[in-house]
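The residues making up each chain are set out below.
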Amino acid sequence: MNIACYFCVVVGLSYNLAGADPLELIFPYDYKGNIDKVKFNEPSGLVFHPARGTIFAVGDGGDLCEIRTDGTVVKNVHHSEADYEGITCDPATGLLYVAVEGKEHIIELDPEDFALRRTFQLNRVVAGKAVLKEGGQGIEGIAFVPDAEHPEGGFFYVVNQGIELAAEEDLSAVCEVVLPLRSSSKGATVSIQRYFEPGFIDVSGLHYDANNDVLILIGDAVNGIFYARRSGELLAGHALPGDNQEGIAVDADGNLYIAQDSGGIIKYLKRK
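Residues numbered from 1 in each chain as written. Predicted model: local features only at pLDDT ≥ 70, side-chain atom pairs only at ≥ 80, totals over all residues. Heavy atoms only, no water.

1. A closer look at the environment of His-78
The residue His-78 is located in strand β5 (residues 73–78) in this model. Separated by 69 residues in sequence, His-78 and Asp-147 place their C-alpha atoms 32 Å apart. Every residue in contact with His-78, bar those within four places of it in the chain, is listed here: Gly-61, Gly-62 and Asp-63. In this structure the side chain of His-78 is engaged in a polar contact, spanning 3.3 Å, whose partner is the backbone oxygen of Ser-80. A polar contact of 2.9 Å, which involves the side chain of His-78, links it to the side chain of Glu-81. (Helix = DSSP H or I, 4+ residues; strand = E, 2+ residues; numbered from the N terminus. Contact = heavy atoms within 4.5 Å. Polar contact = N/O pair within 3.5 Å; in protein donor to acceptor, adjacent residues only side chain to side chain.)

Following this line, the structure appears as structure tokens:
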């Protein structure tokens, strides 16, 4: 699918927003600006931590940062040489979970000092198909879905940054994964429970909107933001300002934060 076709998809989905303000068909937020005060290196993942009221960011070179919603720094450390591409948190425990590209690991960190607690390895193959092909694009985003009735307290979605819609392996896919968060004190190798293909390439960021029970996906190649049910059904989408958008977070007031791999953490205010 070429860029023109992608644009048609974005606009077409946007017009499914019945009764929406015309501005919402473009982007339903007001630009606040780049709040990155530490010149964070290649920010690629963001998460708002509800208990701390802060935002955690990860970078391609294994960097981690905690900032306030105005961009002032709480802590900023170089943690590893690994390629950190996404971050999420379990609100029940406050623990952080980071997607490591290439290794296809999910690591569990303490938000106080970024101490490593457990490492989970993703099985790349589902029903004989390499969804996460070794040497491929790799996992690029992660989101936790809390569920008090789930035996593990919830489950995760991770996205593989596939760049070909017709690929037989290394798919452009959103994968559901269950980690033994409550049933084991150790790391483990875990399998993809199921996956869906959203219909566009280069999925680079992921956020779970618990209020509406939808996944919010970033399409970096097309500068688009998309909304999908957990079943995989696309609901809406619109153009996303900026470039190299790779991380997404939403704070308690509904304000949006976008990490740009080329530099910057951009804050957008929820439109009243």
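2. Looking at the pairing of strand β22 (residues 256–260)
In terms of burial, β22 is a largely internal element, five of the five residues being buried. Taking every second residue as pointing to the same face, both faces of β22 are buried, with Leu-256, Ile-258 and Gln-260 on one and Tyr-257 and Ala-259 on the other. Pairing analysis gives five bridges linking strand β21 (residues 245–250) to β22, with the strands arranged antiparallel. If you follow Ile-248 over to β22, its bridge partner there is Ile-258. Between the antiparallel neighbours β21 and β22 lie five residues, among them Gly-254 with a positive phi of about 85°. (Buried < 20%, exposed > 50% of the residue type's maximum accessible area, 1.4 Å probe, protein only. Pairing = 2+ DSSP bridges.)

3. Observations regarding the sheet that holds strand β17 (residues 203–209)
Pairing is antiparallel in the open sheet, where four strands are placed in the order β17-β18-β19-β20. The open sheet terminates on both sides in strands that have one partner only, identified here as β17 and β20 (234–239). Direction aside, neighbouring strands of the sheet carry axes that sit 20° apart on average. Where strand β19 (residues 224–228) meets β20, five bridges bridge the pair, whose relative direction is antiparallel. Paired with Ile-225 across the bridge in β20 is His-238. (Axes fitted to C-alpha atoms, helices over the stretch in contact; angles between N-to-C directions.)

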